[in-house]
Amino acid sequence: MPTSTMDDLISKTEMIEIEPTTGVAIKAETPREEKGLNATGEKSAEEPKIETAEEEEMRNSGKQPIDGDHVPKEEEKKEEKVHFETEPKTGVTFPVKLDDGKQLNAVGLYADNARLKEILESRFGKAPTKPTEAMYQSVIDSDAGMRVRLVIVFSNLTMTRVRKNFDEGLGASIKKLTGGKNDELAKKVMGEASDDIKLTSGSVVEISRLPGYILQTKVVGEVVSKVESELLCRAFINMYLGDDPFDKEAKDRFGMSLITLF
């Protein structure tokens, strides 16, 4: 796999931010009720209202309850707190859970753990004592949802440079899987990304494998490609979990997270 000086531009551990070879009901009232009339047409007497201690306290203090009738209560459900994990070498933070439910299994690498659990248990039955290449291969070959989140850590990186390095890395992975080159397929991922896209420190590139072997790429929140190809999906995940991963430590950590799924 070709080597470049992309380490100087993007933190490797983020899968690593661009790797050297990749580029991270209100009840309705009846008409009579609305006019204060009962069923016989006579004006109905108001039912005595029972005032709660909270309402009495608010009345005595001069405060008005919300909606005139109800004392505000503490929300029963609070928003789930978002937790983050920091990559120590760069200080870049990653949410441990994405909005779509994918979990952070290694820095910058997210997965649909429920789906991976089904796949691993159906094939292996019980957890091995340590991660095996067969386990990694099962993840590579599956169409379980996964996402690599790459975070730019330097402001002088251009889209042209990202595209070039990513195409080279993905092309090499395709060749490793098939024994032959397929540059046309590799370039479909970043090929439509405009050179006008401005990349600054903190810019995010997300590449997701979606169910059905669809590889979707977002650059700074903009979808730049969506390609349906089993080979492309396998080659992409192979760059991170294959026998020659970009970051061995990150692969090992992902492997340990797989064992906890059993």
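Residues numbered from 1 in each chain as written. Predicted model: local features only at pLDDT ≥ 70, side-chain atom pairs only at ≥ 80, totals over all residues. Heavy atoms only, no water.

### Some points on the pattern of salt bridges
At step 1: Tallied over the full model, the rule gives twelve salt bridges.
At step 2: Here Glu-133 and Lys-251 are joined by a salt bridge, their closest N and O atoms 3.2 Å apart. Taken together, the residues span a long stretch of sequence, with Glu-133 in helix α4 (residues 133-141) and Lys-251 in helix α8 (residues 248-259) at a distance of 118 residues.
At step 3: Exposure remark for Glu-133: the relative accessible area of 47% places this residue in the partly exposed category.
At step 4: Using a relative accessible area of 2% as the deciding quantity, one classes Lys-251 as buried.
At step 5: Close ionic contact of Asp-252 with Lys-248 constitutes a salt bridge, the shortest N to O distance being 3.0 Å. Placement of both Asp-252 and Lys-248 in helix α8 is noted, with a separation of four residues, approximately one turn of the helix.
At step 6: One continuous salt-bridge network, built from bridges that share partners, spans Arg-147, Arg-149 and Glu-206. (Salt bridge = Lys/Arg side-chain N within 4 Å of Asp/Glu carboxyl O. Helix = DSSP H or I, 4+ residues; strand = E, 2+ residues; numbered from the N terminus. Buried < 20%, exposed > 50% of the residue type's maximum accessible area, 1.4 Å probe, protein only.)

### Description of the confidence of the model for the protein
Do not read the fine detail of predicted coordinates wherever pLDDT is low.
At step 1: Residues of the protein with pLDDT of at least 70 account for 65%, and the chain-wide mean is 76.
At step 2: The weakest mean pLDDT in the protein belongs to helix α1 (residues 31-34) at 39; the strongest belongs to helix α7 (residues 230-241) at 97.
At step 3: For residues 1-45, every residue scores under 50 in pLDDT, and the model assigns this stretch 121 contacts once sequence neighbours within four places are set aside.
At step 4: Counting contacts from residues 65-78, a segment whose pLDDT is below 50, to residues more than four positions away or on other chains yields 13 contacts. (pLDDT = per-residue confidence, 0-100. Contact = heavy atoms within 4.5 Å.)

### A word on unusual backbone geometry
At step 1: Phi at Tyr-213 is positive, roughly 55 degrees, even though this residue is not glycine.
At step 2: Note on placement: Tyr-213 falls in the loop between β6 (204-210) and β7 (214-219).
At step 3: You will see that Val-220, though not glycine, has its phi angle at about 50 degrees, which is positive.
At step 4: Locating Val-220 in the fold gives a position in the loop between β7 and β8 (222-228).

### Considerations on α4
At step 1: For α4, the complete set of buried residues consists of Met-135, Tyr-136, Ser-138, Val-139 and Ile-140.
At step 2: Looking at the packing, one finds that the buried side of α4 touches α3 (113-124), β5 (146-151), β6, α7 and α8.

### Concerning the nonpolar core
At step 1: Of all hydrophobic cores here, the largest spans 46 residues; its most connected members are Leu-170, Met-190, Phe-236, Leu-241, Phe-254 and Leu-258.
At step 2: Sort the elements by how many residues they give to this core and α7 lands first, with eight residues. (Core = buried A, V, L, I, M, F, W, Y, C linked by side-chain atoms within 4.5 Å.)

### Considerations on the packing of aromatic side chains
At step 1: Going through the model one piece at a time under the given rule, you end up with three aromatic pairs.
At step 2: A connected cluster of aromatic rings, assembled from ring pairs, spans Phe-166, Phe-236, Tyr-240 and Phe-246.
At step 3: Above the ring of Tyr-136, the side-chain terminus of Lys-251 is found at 4.5 Å from the ring centroid. (Phe/Tyr/Trp six-rings, centres within 6.5 Å; stacked < 30°, edge-to-face > 60°. Lys NZ or Arg CZ within 6 Å of the ring centre and 35° of its normal.)

### A closer look at the packing of α4 against α7
At step 1: The geometry of α4 relative to α7 is characterised by a closest axis approach of 8 Å and an angle of 150 degrees between their N-to-C directions. By the angle between their directions, the pair α4 and α7 is classed as roughly antiparallel. Regarding α4 and α7, the two cross each other, and that crossing is right-handed. Contacts between α4 and α7 involve Tyr-136, Val-139, Ile-140 and Asp-141 from the former and Arg-234, Ile-237, Asn-238 and Leu-241 from the latter.
At step 2: Counted by class, the contact of α4 with α7 contains five nonpolar, one polar and two charged residues. (Axes fitted to C-alpha atoms, helices over the stretch in contact; angles between N-to-C directions. Parallel < 35°, antiparallel > 145°, perpendicular 65-115°, else oblique. Left-handed = near helix turned anticlockwise from the far one by under 90°. Nonpolar A, V, L, I, M, F, W, Y, C, P; charged D, E, K, R; others polar.)

### Comments concerning α3
At step 1: Taking 1.5 Å of rise per residue, twelve residues should cover 16 Å, and α3 covers 16 Å from first to last C-alpha, within 8% of that figure.
At step 2: Taken together, the buried positions of α3 are Asn-113, Leu-116, Ile-119 and Leu-120. The arc that holds every buried residue of α3, seen down its axis, measures 120 degrees, which confines them to one face. For α3, the exposed residues lying more than 90 degrees away from the buried face are Ala-114 and Ser-122.
At step 3: Phi turns positive one or two residues past the end of α3, at Gly-125, with a value near 80 degrees. (Expected span 1.5 Å × (residues − 1). Arc of directions from axis to C-beta.)

### Some remarks on the environment of Arg-253
At step 1: Mapped onto the elements, Arg-253 comes out in helix α8.
At step 2: Classification of Arg-253 as partly exposed rests on a relative accessible area of 36%.
At step 3: Put simply, Arg-253 and Pro-131 are 122 residues apart on the chain and 9.4 Å apart in space, counted from C-alpha to C-alpha.

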